Every structure is written in C-alpha cells, then in structure tokens.
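# A structural walkthrough
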Amino acid sequence: MISAFWRRWILPFTILPLLPATLFNLFAGREVALLGCVLGLGFPMAAAWLMRRGRAGDAGLAALAMGASAASVAWLGADAGPVAALILGVGAWGGTRLLYSGVQEVAPPPPPPEPAPPPPPRPLDDARARLRAIADAAQRIPEPRLLPVAAAIGTVLDEFERRPERLEEARRFLGVNLDGLERIAARLSAGAASPPGLPSLLREMEAAATGLGTRLREEESAALAVQVNVLGGKIREAGYG
C-alpha cells in the first residue's frame, strides 16, 4: 500500500528519466522530439499540482494529464506512432486512476454570501441625525431646556413617519422648529450667552411640538372612530349585525 506521502510525490519523480532525453534532443536540434519531452515534463508537474490541491475532480484531471504525458513522449519524443502513443496514454491514465483511487477530495468552498443591501433611507432620517447632534450638543452647554424640546420634536417625527402622506406638513414643521433649535444649539456651543427670552421660547417650542403630536394622534383616533361607525352601519344594513 503506497503511503499518502509517496502518492503525493510519485508524479514529479516520473519526469526524471526524461531529463537526459530532453538535454540530448535540445543539443541535437531534434525539435519534434524535444517538444515531446517538454510536454512529457509539463503534464506530470500539472498533475502533481492538481493532486496537491485535492479538490473534487482533480484526481481525474491528474490521470488525464499523465495519459497526455505518456502519449506525447511516445508519439513525438520516441516517434512510436499514434496507435502506440494511444495505448501508452491509456495505460498511464488507467494506472494513475488506480494509484489515486480512494483519495479523498474536498469540494471547493462555496462562495461567500453576498452582503445584504443596506435598508433604503427613510424620509426623515436626516432630521433624526440632526436631532441627535442637537442632543449631543445639549450635553455640553448650560441650557437644560434643549433636551425636552429635542425629545418633543422626535415624538412628532415618529407620528409623521407613520403617516407618509403628510410628509409635506412634516417638512414645514421641521423647517421652523428643527432649524431654529439647531441654530440655537450652534450659537450656545460657540459660547454665546443665553438671552433672557430663550427659556420661554424653548418652552413654547416644546409645547408646540407636544400639541402637534397630540393633534395628530387625535385625528387618527377620530378617523378610526368614523371608520368603525361606517363599518358597523354596513354590517347592520347587510343583515349580519
């Protein structure tokens, strides 16, 4: 039983008898015979590389390479004719198949899965990023009223995201309240002193945002109540109530 080590290295050793013949044909100028020897050297090296790689199907390819090597040497190198070359090639192919029968081959690793595409941006993601920047700035400046205003505006953003048909109204609201709060936070971060009217303005902005959020929820509740009444009337009219 040939060990795994020798089965790995036996293919390169098969080219040793061809080395003197290759040199002889090279210096003798026998180009056809030299081509046969070169092919006889190249195919076993390719077969050895295939067997070292060890992927599924490599043993069959290595056997074909060894058959091609024997046929090339016999036909071109030794001028034995196509029939003898074919017989020797088949013999080399079959011998290599027997030599490597039972050799475990590994399947090529599957390609890595494609990364999932990033989720599409939501219409109000930019506004949320600006709110986070304002909240971060509020941690560094002596004006505690900024955080409640930012939280109230964030609640209104939640309400508007559940109602994509009202994005225009959301943009008008943000154009006044979020832009104003952003400018106030930027001035305070730059070292500006808080003017006397700033606390009352921030309370007014918070109340406006809280009132808008309440109004949006009340409108949805009223619309649901209307739908319930209409659906109840239809059920009763159809005789199912």
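These notes cover the structure that comes with them.

The rules behind each value
Residues numbered from 1 in each chain as written. Predicted model: local features only at pLDDT ≥ 70, side-chain atom pairs only at ≥ 80, totals over all residues. Heavy atoms only, no water. Core = buried A, V, L, I, M, F, W, Y, C linked by side-chain atoms within 4.5 Å. Buried < 20%, exposed > 50% of the residue type's maximum accessible area, 1.4 Å probe, protein only. Helix = DSSP H or I, 4+ residues; strand = E, 2+ residues; numbered from the N terminus. Contact = heavy atoms within 4.5 Å. Patch = residues over 30% accessible without salt bridge, like charges linked within 9 Å, V, L, I, M, F, W, Y side chains within 5 Å. Areas by Shrake-Rupley, 256 points an atom, 1.4 Å probe, with all protein chains shown as cover. Salt bridge = Lys/Arg side-chain N within 4 Å of Asp/Glu carboxyl O. Bend = angle between axes of the 7 residues up to and from the residue. Axes fitted to C-alpha atoms, helices over the stretch in contact; angles between N-to-C directions. Parallel < 35°, antiparallel > 145°, perpendicular 65-115°, else oblique. Left-handed = near helix turned anticlockwise from the far one by under 90°. Nonpolar A, V, L, I, M, F, W, Y, C, P; charged D, E, K, R; others polar.

## Quick notes on the nonpolar core
Generally speaking, soluble globular proteins have nonpolar side chains that are buried together. Counting residues in each nonpolar core, the largest one holds 29 residues, and the members touching the most others are L146, I153, F160, F173, L174, L181 and L202. Looking at this core, the elements that each hand over two or more residues are α6 (125-138), α7 (146-161), α8 (167-189) and α9 (198-237). No other element matches α8, which puts 9 residues into this core. If we ignore the near neighbours within four places in the chain, the residues touching L181 are I134, L146, V149, A150, I153, L202 and M205. Core analysis: the next-biggest nonpolar cluster, separate from the first, contains 7 residues, A47, A59, A62 and A65 among them.

## A short note on a nonpolar patch on the surface
There is a patch of nonpolar side chains on the surface, built from L61, L64, L86, V90 and W93 and spanning about 500 Å² of accessible area. Elements with a contribution of two residues or more to the nonpolar patch: α4 (58-77) and α5 (82-99). Per-element tally for the nonpolar patch: the top contributor is α5, with 3 residues. When you line up the elements, W93 lands in helix α5. Residue classification places W93 among the partly exposed positions, given a relative accessible area of 38%.

## Overview of α8
Along α8, the largest kink reaches about 40 degrees and is centred on L174. Those residues of α8 that sit buried are L167, E169, A170, F173, L174, N177, L178, G180, L181, I184, A185 and L188. Of the residues flanking the end of α8, it is G191, one or two places downstream, whose phi is positive at about 105 degrees.

## Some details on the packing of α6 against α7
Contact geometry of α6 with α7 gives a least axis separation of 10 Å together with a crossing angle of 165 degrees. Considered as vectors, α6 and α7 are oriented roughly antiparallel to each other. Pair α6 / α7 crosses with left-handed handedness. Only L146, L147, A150, I153, G154, L157, D158 and E161 of α7 make contact with α6, whose side of the interface consists of D125, A127, R128, L131, A135 and A138. Split by residue class, the contact of α6 with α7 holds 9 nonpolar, 1 polar and 4 charged.

## Section: the pattern of salt bridges
Inspection of the entire model under this criterion finds 14 salt bridges. For the salt bridge of R162 with E159, the shortest nitrogen-to-oxygen distance reads 2.7 Å. Given a relative accessible area of 56%, R162 falls into the exposed group. Across the pair E219 and R215 runs a salt bridge, and its minimum N-O distance is 3.0 Å. Here E219 pairs with R215, and both are found in helix α9, just 4 residues apart, close to one helical turn. Several salt bridges converge on common partners, so that one network encompasses E159, R162, R163, R217 and E220.

## Things to note about the packing of α7 against α8
Where α7 contacts α8, the two axes come as close as 11 Å, and the packing angle between them is 160 degrees. Between α7 and α8, the angle is such that the two are roughly antiparallel. α8 is crossed by α7, and the crossing has left-handed handedness. Counting all contacts with α7, which are made through L146, V149, A150, I153, V156, L157 and F160, the residues of α8 involved are E169, A170, F173, L174, N177, L178, L181, I184, A185 and L188. Of the residues in the contact of α7 with α8, the class split is 15 nonpolar, 1 polar and 1 charged.

## What to know about the side chain of R166
Within the secondary structure layout, R166 lies in the loop between α7 and α8. Look at R166 and you get buried, because its relative accessible area is 17%. When residues no more than four places from it in sequence are discounted, the contact partners of R166 are F160, R215, L216 and E219.

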